[in-house]
Structures are given as structure tokens and as C-alpha cells.
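For reference, the chains in residue letters:
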Amino acid sequence: MPTRVYAVANQKGGVGKTTTAVNVGACLAEAGERVLLVDLDPQANATSGLGLRANGASTHDLLDGVPLSALAKPSGFANLDVVMAKSDLAAAAVELSSREGGERYLAEALAGALDPYSFVFLDCPPSFGPLTVNALAAADRALVPVQAEYYALEGLSQLLGTINLVKARLNPDLAVAGILLTMADGRTRLAAEVEEELRSHFGGLVLTTTVPRSVRLAEAPSHGLPAIAHDRRSAGAQAYWKVAMELVERS
């Protein structure tokens, strides 16, 4: 199977993008797949959430022409490599917007360099800026986490419209892998209503698996671990196993 590249994207913050990228990647890695996580957020939460820190080279260098092979580093979790981010990535976003063809720098950086990997996850910042556009232009699929609350639904149609725009102008191979409902509290009517509305409007685009609100899932990054390494029996870890398997089935 050729390498499958996922952009994990939503213009809203706090919806579980990084948690999804790290944990789905870790689950697939534990299942024996070679996985690459590319941290495209200047906040570098995917990097720190794996207990890492970029001292020196970072994703900024990838966008500036340094080969992927020189930047992808072992995460400490078997089969999972990471291109780490740091705050200088914010400057790269400004540079990309002013460069000719800046929307495709990441696609060009990854082209021909992904053979060692079965899956690549591009963890996007919470915006529609140049870094997210680069991720969508480089990806085969967009995975869209959505928090189980009404405000999170407001921008979803806009995001899907942006994905379609990138598909039309930059990346005809781009498709939506799925919409993932995250941080769902099964004890509340609100979560059930949001899920019902999502499935009513977007049908089969919504993944069957829903990720619950989970203390163990939330505390895992503070230990520098994916949830399955922190507490594999937790509801969050088990949910991300199911998400990973569902993505494999959809691919």
C-alpha cells in the first residue's frame, strides 16, 4: 500500500487535533506500521506531548529545503518518527505567504521521501493560514476532529469548503478521510444532540468511533506519552485504537 498522508485539521483550537494525530499515529505504530508525525504547529504540542523538544532543526527547516531524512527523528515509541516543531515555525508561516508557490513547499519537501512510512500525520495549527494550506496541499486525506459542542459545529462547513478549494486549486487528490467527534461526554444530552446533528448533516463522513472526554487521555501529554503507553485500558486509548483501525479500513 502506498504511503497515506493525513492532514489533521480544524481552524478551531482545543478540538483534539494534536491528541488525534499523536494517538492515532501511536496506535498504528504499535500495530507494526511505520508512521511519521510532522508537527506543523508553532506551539509544538505534538512534539512536547511525546516528551521531545526541538533543539536545533525543526519543521521550519523542512519547509526551507532540508531533506526529510535529516529531520525525522525517533520518538522513543517504536515505529513512530517525528519531525519536531518549535516557535520559529511562526516565522515560516509569514515567509510562505510571501513566496511564489508557497502553498506547495511542504508537498515538494515530502515528495519522494516517504517510502519508509505507511502513514504520515500532519498536525496543523488552529487556523486557515499558510501552514494548514501547505498540509492540505501535501495530504491525500483530511481528518477533521470536532469537539462535541455546538460552537465547534459552526465553522465545520467553512472548513470543508476550504478543503474543497484546496482540492480544486492545489491538490486534486485530496479527500476527507472523516470527521471525528472528540471530547464527548456520554452523560450529557448535548453530546448526543451534537453527534445526531453531525451524522444528520454529514452522513458517512462522520467516523463511527467517538472519542470520549477522558482524564487519562488529557494527562498523557504531561508524561510525554501517547495514551496507549500511559494507560492502554483507558477509554480514550481504546477509542483511538478504534479510530486507527477505522482509518485503515477507509483507506
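Residues numbered from 1 in each chain as written. Predicted model: local features only at pLDDT ≥ 70, side-chain atom pairs only at ≥ 80, totals over all residues. Heavy atoms only, no water.

Draft legend 1. Representation of the overall build of the protein chain in the model. Helices and strands together make up the secondary structure of the protein chain, namely 13 helices and 7 strands. Computed over its C-alpha atoms, the radius of gyration of the protein chain comes to 17 Å, within 12% of the 18 Å expected for a compact globule of 251 residues. Burial analysis of the protein chain (251 residues in total) assigns 52% to the buried set. Long-range pairs, those at least 24 residues apart, make up 79% of the contacts in the protein chain between residues at least 6 apart in sequence. Here the protein chain has roughly 10,900 Å² of accessible surface; of this, 50% comes from carbon and sulfur atoms. Averaging the coordinates of the 21 positive side-chain charges in the protein chain and doing the same for the 27 negative ones gives two points 4 Å apart. (Helix = DSSP H or I, 4+ residues; strand = E, 2+ residues; numbered from the N terminus. Rg over C-alpha atoms; globule rule 2.2 N^0.38 Å. Buried < 20%, exposed > 50% of the residue type's maximum accessible area, 1.4 Å probe, protein only. Contact = heavy atoms within 4.5 Å. Areas by Shrake-Rupley, 256 points an atom, 1.4 Å probe, with all protein chains shown as cover. Lys, Arg positive; Asp, Glu negative; His and termini not counted. Charge placed at Lys NZ, Arg CZ, Asp CG, Glu CD.)

Draft legend 2. Looking closely at helix α1 (residues 17–30). End to end, α1 covers 20 Å across 14 residues, agreeing with the expected 20 Å (1.5 Å per residue, within 8%). Burial runs high along α1: 12 of the 14 residues are buried. Every buried residue of α1 is accounted for by K17, T18, T20, A21, V22, N23, V24, G25, A26, C27, L28 and A29. (Expected span 1.5 Å × (residues − 1).)

Draft legend 3. Local environment of unusual backbone geometry. Of note in this structure, A44 is not a glycine but carries a positive phi near 60 degrees. Among the structural elements, A44 can be located in the loop between β2 (35–39) and α2 (45–49). Looking at A44, the relative accessible area reads 11%, which means it is buried. Notably, N79 is not glycine yet its phi reads approximately 70 degrees, a positive angle. Mapping N79 onto the fold places it in the loop between β3 (73–74) and β4 (80–83).

Draft legend 4. Just the pattern of salt bridges, in detail. Considering all chains together, one arrives at 9 salt bridges under this definition. D64 is the partner of R99 in a salt bridge, and the nearest nitrogen-oxygen pair spans 3.5 Å. Note that R99 is positioned in the loop between α5 (89–98) and α6 (105–110) and D64 in the loop between α3 (59–63) and α4 (68–71), a separation of 35 residues in sequence. Residue classification places R99 among the partly exposed positions, given a relative accessible area of 28%. With its nearest N and O atoms 3.0 Å apart, the salt bridge here joins R216 to D231. Residue R216 is located in helix α11 (residues 215–219), and its partner D231 is located in helix α12 (residues 227–231); the two are separated by 15 residues in the primary sequence. The class for D231 is buried, based on a relative accessible area of 17%. One salt-bridge network, in which partners are shared between bridges, spans D64, E95 and R99. (Salt bridge = Lys/Arg side-chain N within 4 Å of Asp/Glu carboxyl O.)

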